[in-house]
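One-letter residues, chain by chain:
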Amino acid sequence: MGRIFGPVPSRRLGRSLGVDVVPYKTCTFNCVYCECGATTRLTCDREEFYPLETLLDELRDSLAELRTPPDAITLSGAGEPTLYGRLGELIEEIGKLSSIPVAVITNSSLLFLPEVRADLSRADIVLPSLDAAVEIPFRRINRPHPSCTLERLTGGLGSFLDEYHGTVLLEILPVEGYNTDDDDLAALAAFVSSRRIDRIQLNTAVRPGTERAVGPLDAERLERIRHLFGPRCEIVAAAPARTCSEDPAAADRIVSLLERRPCTAEDIHRALGIPVPGVIKILETMTGSGRVVADEHDGVQFYTAAQRDRP
Ligand code: SF4
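**Q** I'm lost on the overall build of the protein in this one. Help?
**A** Counting secondary structure elements, the protein contains 10 helices and 12 strands. If one aligns the C-alpha atoms of the protein with their principal axes, the spans along those axes are about 60 × 40 × 35 Å. The buried share of the protein, taken over its 311 residues, is 50%. Within the protein, counting contacts between residues at least 6 apart in sequence, those at least 24 apart form 72% of the total. Approximately 14,100 Å² of the protein is accessible, and the part contributed by carbon and sulfur atoms is 50%.

**Q** Got a minute to help me understand helix H7 (residues 219-228) in this structure?
**A** Along an α-helix, a turn takes 3.6 residues, which lines up residues three or four apart on a common side. By the burial criterion, the buried members of H7 are Arg221, Leu222 and Ile225. All buried residues of H7 project into a common sector of 100° when viewed along the axis, lining one side. For H7, the exposed residues lying more than 90 degrees away from the buried face are Ala219, Glu220 and His227. On the buried face of H7, the contacting elements are helix H6 (182-193), strand S9 (199-202) and strand S10 (233-235). One or two steps after H7, the chain reaches Gly230, where phi turns positive at roughly 80°.

**Q** In this structure, what is going on with the domain arrangement of the protein? I would like to understand it.
**A** Many analyses report the size of an interface as the accessible area lost when the parts associate. You can read the domains of the protein as domain 1 (4-240) and domain 2 (245-305). The C-alpha-based centres of domain 1 and domain 2 are spaced at 26 Å. Contact with domain 1, which involves 14 residues of that partner, is made by nine residues of domain 2. For the pair domain 1 and domain 2, the two sides together bury roughly 850 Å², of which 60% comes from carbon and sulfur. The largest per-residue losses of area from domain 1 upon contact with domain 2 belong to Phe5, Tyr24 and Glu35, which jointly make up 47% of the total buried on that side. Top element by residues in the side of domain 1 that touches domain 2 is strand S1 (residues 4-10). It accounts for four residues. Each residue belonging to the side of domain 1 that touches domain 2 can be placed in one class, and the counts come to 10 nonpolar, one polar and three charged.

**Q** Honestly, the nonpolar core in this entry has me stumped. Any pointers?
**A** Generally speaking, soluble globular proteins have nonpolar side chains that are buried together. One finds Tyr33, Leu75, Leu90 and Phe229 to be the most contacted residues of the largest nonpolar core, which totals 73 residues. Leu75 has contacts with Val19, Val21, Pro81, Leu87, Leu90, Ile91, Ile94, Ala103, Val104 and Ile105, leaving out every residue within four places of it along the chain. Residues Leu258, Cys263, Leu272 and Ala305 belong to the second largest nonpolar core, which totals 18 residues.

**Q** Is there a simple way to think about the packing of helix H1 (residues 52-65) against helix H2 (residues 87-97) in this case?
**A** When two helices pack together, their arrangement is given by the angle between their axes and by how far apart the axes lie. Closest axis-to-axis distance for the H1/H2 pair is 11 Å, and the angle between their directions is 25°. For the element pair H1 / H2, the angle class is roughly parallel. Pair H1 / H2 crosses with right-handed handedness. Where H1 approaches H2, its residues Leu52, Leu55, Leu56, Leu59, Arg60 and Leu63 are matched on the opposing element by Glu89, Leu90, Glu93, Ile94 and Leu97. Here the residues of the contact of H1 with H2 are counted per class, giving eight nonpolar, no polar and three charged.

**Q** What am I meant to see in the pairing of S1 here?
**A** Within a regular strand, side chains alternate between the sheet's two faces. For S1 and strand S2 (residues 14-20), the ladder comprises five bridges, and the chain directions are antiparallel. Among the inter-strand pairings, Phe5 is bridged to a residue of S2, identified as Gly18.

**Q** Would you take a moment to explain unusual backbone geometry for this structure?
**A** If a residue is not glycine, its phi is most likely negative; likewise, a peptide bond is most likely trans. The amide bond that connects Gly6 to the next residue, Pro7, takes the cis arrangement and shows omega of 5°. Along the chain, the position of Pro7 falls in strand S1. Positive phi, close to 75°, is recorded for Ser108, a residue that is not glycine. Summarising the element assignment, Ser108 is placed in the loop between strand S6 (102-106) and helix H3 (114-120). A positive phi angle, close to 40°, is found at Arg143, a residue other than glycine. If you trace the backbone, Arg143 turns up in the loop between helix H4 (135-142) and helix H5 (150-163).

**Q** What is the right way to read the packing of aromatic side chains from this model?
**A** Any pair of aromatic rings gets described here by the distance separating the centres and the angle formed by the planes. Using the criterion set out here, one finds two aromatic pairs in the structure. Ring geometry for Phe29 against Phe138: centres 5.8 Å apart, planes inclined by 70°, an arrangement best described as edge-to-face. Pair noted here: Phe29 is in the loop between strand S3 (26-27) and strand S4 (41-42) and Phe138 is in helix H4, with a separation of 109 residues, a long-range link. Between the aromatic rings of Phe160 and Tyr164, the centroid separation amounts to 4.7 Å while the plane-to-plane angle is 25°, which identifies the pairing as stacked. When the ring centre of Phe112 is taken as origin, the NZ or CZ atom of Arg152, which lies over that ring, is 4.0 Å away. Over the aromatic face of Phe191 sits the side chain of Arg195, whose NZ or CZ is 4.2 Å from the ring centroid.

**Q** What's the story with the site of the ligand in this structure? I'm lost.
**A** Around the ligand lies a shell formed by Lys25, Cys27, Phe29, Asn30, Cys31, Tyr33, Cys34, Thr39, Gly79 and Asn107. Residues that form the shell around the ligand fall into these classes: five nonpolar, four polar and one charged.

The rules behind the values
Residues numbered from 1 in each chain as written. Predicted model: local features only at pLDDT ≥ 70, side-chain atom pairs only at ≥ 80, totals over all residues. Heavy atoms only, no water. Helix = DSSP H or I, 4+ residues; strand = E, 2+ residues; numbered from the N terminus. Buried < 20%, exposed > 50% of the residue type's maximum accessible area, 1.4 Å probe, protein only. Contact = heavy atoms within 4.5 Å. Areas by Shrake-Rupley, 256 points an atom, 1.4 Å probe, with all protein chains shown as cover. Arc of directions from axis to C-beta. Domains from an automatic or database assignment. Buried area = accessible area lost by both parts, 1.4 Å probe. Nonpolar A, V, L, I, M, F, W, Y, C, P; charged D, E, K, R; others polar. Core = buried A, V, L, I, M, F, W, Y, C linked by side-chain atoms within 4.5 Å. Axes fitted to C-alpha atoms, helices over the stretch in contact; angles between N-to-C directions. Parallel < 35°, antiparallel > 145°, perpendicular 65-115°, else oblique. Left-handed = near helix turned anticlockwise from the far one by under 90°. Pairing = 2+ DSSP bridges. Phe/Tyr/Trp six-rings, centres within 6.5 Å; stacked < 30°, edge-to-face > 60°. Lys NZ or Arg CZ within 6 Å of the ring centre and 35° of its normal. Near = heavy atom within 4 Å.

The structure is reproduced here in structure tokens:
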């Protein structure tokens, strides 16, 4: 299965070609707002989940097929990319393929490891996240692996910010009832105030997360929070005006993929960059209308276009 997806439009990076370096929902966290679904493998153990050469071959092929180069090649996906054991080498080798900036999105949990910081030092852009600077809200919103403590995370992030020379875009995602008490936000603002960060990017949960109670903050609330973080802070969340299931273009893109091969919801997410809950919603609508056929194979749910030319 392909581990390259996109290019997908990213509010933070432009047109981003994604490289999924860890298996689906392999993560050090199980965030309440995760739009990819619940973490199925909660771990802090780094591994070479896929051979480095395979990832490079797939990326080389994808780049060769693109008419317009993407704005960034981003190591991300539905999990924590710093869990990939040969991350530094991978970033280095990707850098040799083109002059496109290499970006890494991370939840910051493994930055306490010097080898992870050394790996990330090779990237052009790092997008760490930090949702809380107080232990209780940190545990409430990120639901980390038991070995992850906030002290270790903030210590590692602080060291990384001191050492790194590339561009840092730090993401904060406030969720009402989880990390938005005045004291919690003040602690976060104090942590970031003297750090070398290019932009602080305030996001909100515009798509369904793993917990039903999680929803987006309104524009006024986001604006008030933005003020706490000063002029470096910007709001990057889009207004939650449409859901994936209402986007006819997304449905057409899924059908065109399913005309070529049967896919699971996760395959579609990886190929098109549409979050899994959105993919599932669209598939439910299209199986109901007969446009897509659902088939179980070896206990796994696959989807095929009804009009597909079957061999
Ligand atoms: S939002 Fe990111 S860090 Fe949190 S569970 Fe999902 S993949 Fe992991």
